[in-house]
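Residues per chain are reported as follows:
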Amino acid sequence: MTHTTRSERRAAADRPAVPKWLRILLPAALILTWLTVAGIGGPYFGKVDEVSSNDQTSYLPESADATRVQEMLGDFDDTEAIPALVVFVADEQLTDEQLSSLSEVMTKVATIEGIGADVSPLIPSEDGLAAQAFVPILSSAEVGDTVAELSAELATTAPEGIETFVTGPAGFTADLVSAFAGIDGLLLGVALLAVLVILLLVYRSFLLPIAVLSTSLFALCAALLTVWWLAKWDILLLSGQTQGILFILVIGAATDYSLLLVARYREALRVENDKWVATMSAIKGSFEPILASGGTVIAGLLCLLLSDLKSNSALGPVASIGIIFAMLSALTLLPAMLFAFGRAAFWPRRPRFEPDVVAAEHGMPDRGLWTKLAHLVQRRPRIIWVATTLVLLIGALGVTQLKADGVAQSELVLGQSEARDGQQALGEHFPGGSGSPALIIVDESEMDDAVAVLLADDGIDGVAVTTEDSPSGSAPVTAEGITPVGPPGTPEPSPTTVDGQVLLRATLTDAADSAAAGQTVTDLRAEFVDTAPSALVGGVTATAVDTNTASIHDRNLIIPLVLAVITLILMVLLRSVLAPVLLIITTVISFGTAMGVSALVFNGLFQFPGADPAVPLFGFIFLVALGIDYNIFLMTRVREESLQHGTRKGVLRGLAITGGVITSAGLVLAATFTALAVIPILFLVQLAFIVAFGVLLDTFVVRTLLVPALSYDLGRVIWWPSKLSKHPQPESHEPEAP
């Protein structure tokens, strides 16, 4: 016999009948619409590089010195080529014959398609063991392909016994291009395979994993189609890093929302014989938590719009678009497919229509792991939440070991790197900053003062000025003035001036991406304030310095803002003040533990050189915004159960009912973020570990033990100041069966 309340029977009687033809037409139309969107968006995989950029300067604030210098460079030099630095190294001093052969090699490589005509003459090192040459890679060329062809040509044509390297800005750009090359295939394949395996283990059926994966993949196609065209129209910026995060976020979020809806559908099929009614019941039960969960993530992501760094601010709308389509797909496409499949979706473990059994269970399983945990929480709530909090706080102490003040450009790509090896070889025989000078634009009237500051700095090896009448386009500058370039008697060249400004190129003593070079740029800027106020310092090193500064600013601004926004959303959702505050506190503690453990692992196990300042920010955004998802899944169900059974019973019932869903969702999200590690980019590998570990910590400790135990111990007061905190049902600490 089915047990229903009078209000439920009245609602069922008043419910308008949905025509049978509409029950068939609406799901079919939804499925057809999503198939069309996927068919249009699918081909855009592999085309993202057409509208994306990995140039750090393009993501800096317009007010940054490095950005302003980059914008003005074209006035001094009309070429937009990216410089590559070719380095030749021998074990013994290079002979005149070998140098002549190397010059012929450079003449030959100048004919490679994509390489500009202005290949520099060969420059031997003072120790005679190496030589270098500058090779311009045209901006219209595919940098990765051109550098690869250049490297191969050098390796085959260089004299025996001489090692060749291609480094400099073009070399490191080629490394990034190569690292992101697998983002459409390898990353997506690994993520989908990981999710498929977990879904097969969770559902032990064939159709359900296919339906859930289709929901995620179709959402990603729609998101990618939208983002691609917005980037094409220059409405938003897109990079390989943002693209990778978009893929993972959409797959993980859409799968999580799908797991919640499928769980509700399974529940509904046990008490409803009509699959249409069961589908509508699943949507009704899932709509609020999915909307609240997605809305919370979007709100957190959109806080990134306040970032100074455009790579951060661009991620906000891009990822938010992905979350919107993840929600839409989970609430439209998946219900349509579940309705089409009916109980067969769960084959071979079809849920039975057994309302009497459900009534006897009072809507809660009487056995299983999560019911046992609910009983454990019931018996020892205070011991559990105090003990787990202490353990988490101990883990958070590792944050003191986190080194997130930036890493060298040469360390961005993990694994073998010819550009990194070339830079090391360059530093052994030439000034470390060769090929990537600091660029100083200064008023001509202050040029001498600026040169004096540069030459007095130990971090500067030499200074040159852009000229119009020198064969090489620039001439060295000393304390005595500009040195003529050419045969004896050549007159002193005049500097190129643009609006009364000149361009100086300062060769750094240290590698351009090193901390020492960064400090040199910082010191120069401080010196110029008094001696040459008009001077702007740009270049590779200045770009890295300005990027780190903007990242730190963003981190300090965005993290508190996200906390405030999510707290307000939870207050509205849970109709409470105390519960959201406590949930945020547990999430922050969990984040601290994830970062602390990650710091110890990065330093001790992986021996990473450090981390970008944006790593803690991105880790926070994803762990807090996505971690709150599980709070929402749990506490919305707890509140629903508390309205009927009282808070303490509601906590136990909510834990027992949602435990499986939250665990599955956590495993899926951790697996998808782990897939980021297949892209050999230090930032993404670190983010993958932080988020995966943090999600698992949330899933198995915070949502399973800490939050339920704390909520049970506090009882109805957790809903303060809402009416539910004054619920008339008894709130005894005496053990009761859930």
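See above for the structure.
Throughout, residues of each chain are indexed from 1 in the direction in which the sequence is written. Since the coordinates come from a predicted model, pLDDT governs what is reported: local features require at least 70, and pairs of side-chain atoms require 80 or more to be given and counted, while whole-chain, interface and lining totals use all residues. Water and hydrogen atoms were dropped before computing side-chain values, which therefore reflect all heavy atoms in the structure.

Considering unusual backbone geometry
Step number 1: A cis amide bond links W347 with the next residue in sequence, P348, at an omega value of 10°.
Step number 2: In this text, helices come from DSSP runs of H or I with a minimum length of four residues, and strands from runs of E with a minimum of two, each type numbered from the N-terminal end. Locating P348 in the fold gives a position in the loop between α11 (310-341) and α12 (355-361).
Step number 3: In this structure, the amide linkage connecting W720 to the following residue, P721, adopts the cis form with an omega of 5°.
Step number 4: The topology assignment puts P721 in the segment after α22 (682-714).
Step number 5: The phi dihedral of D499 falls on the positive side, at around 55°, and the residue is not glycine.
Step number 6: Position of D499 relative to the elements: it lies in the loop between β8 (481-482) and β9 (501-508).
Step number 7: Accessible area is worked out with a 1.4 Å probe on protein chains only. A residue is then buried under 20% of its type maximum, exposed over 50%, and partly exposed in between. For D499, a relative accessible area of 74% corresponds to the exposed category.

Side note on helix α15 (residues 418-429)
Step number 1: Each helix should span, by expectation, one fewer than its residue count multiplied by 1.5 Å. Compared with an ideal rise of 1.5 Å per residue, which puts twelve residues at 16 Å, α15 spans 17 Å between its outermost C-alpha atoms and is within 8% of the ideal.
Step number 2: Buried within α15 are the following residues: A419, R420, G422, Q423, A425, L426 and H429.
Step number 3: We call two residues in contact whenever any of their non-hydrogen atoms come within 4.5 Å of each other. Elements that come into contact with the buried residues of α15 comprise β1 (82-90), β3 (130-137), β4 (162-167) and α6 (168-179).

A short note on the nonpolar core
Nonpolar side chains in soluble globular proteins generally cluster together in the buried interior.
Step number 1: Side-chain atoms within 4.5 Å link the members of a nonpolar core, which is a set of buried Ala, Val, Leu, Ile, Met, Phe, Trp, Tyr and Cys residues. Judged by nonpolar contacts, the single largest core of 158 residues is most densely connected at Y257, L301, I323, F618, F622, F673 and I681.
Step number 2: Of the residues forming this core, the biggest block, 18 residues, is contributed by helix α20 (residues 614-645).
Step number 3: Once you skip the residues sitting within four places of it in the chain, F618 turns out to touch Q241, I245, N312, L315, F683 and L687.
Step number 4: Counting residues in hydrophobic clusters, the runner-up holds 31 residues, among them A438, V442, A475 and V521.

Here we look at the pairing of β1
Step number 1: Here β1 lies mainly inside the structure; seven of its nine residues are buried.
Step number 2: Think of it this way: DSSP has to see at least two bridges between two strands before they count as a pair. As paired elements, β1 and β3 share eight bridges and run antiparallel to each other. Paired with A84 across the strands is V135, a residue of β3.
Step number 3: When β1 meets β4, the two strands line up antiparallel, connected through six bridges. Residue pairing across strands places V86 opposite V166, the latter belonging to β4.

Regarding a negative patch on the surface
Step number 1: The residues that make up patches have over 30% relative accessible area and no salt bridge, and they are joined within 9 Å when like-charged or within 5 Å when they are Val, Leu, Ile, Met, Phe, Trp or Tyr. Computed with the Shrake-Rupley method and a 1.4 Å probe, the accessible areas treat only the protein chains shown as cover for residues. Whenever a carboxyl oxygen of Asp or Glu lies within 4 Å of a side-chain nitrogen of Lys or Arg, that contact is scored as a salt bridge. Charged residues are defined narrowly, with Lys and Arg counted positive, Asp and Glu counted negative, and His plus the chain ends left uncounted. Working definition for charges: the position is that of NZ of Lys, CZ of Arg, CG of Asp or CD of Glu. On the surface, D49, E50, E113, E142, D145 and E149 cluster together into a patch of negative charge.
Step number 2: Secondary-structure assignment places E142 in the loop between β3 and α5 (143-157).
Step number 3: The class of E142 is exposed, set by a relative accessible area of 54%.

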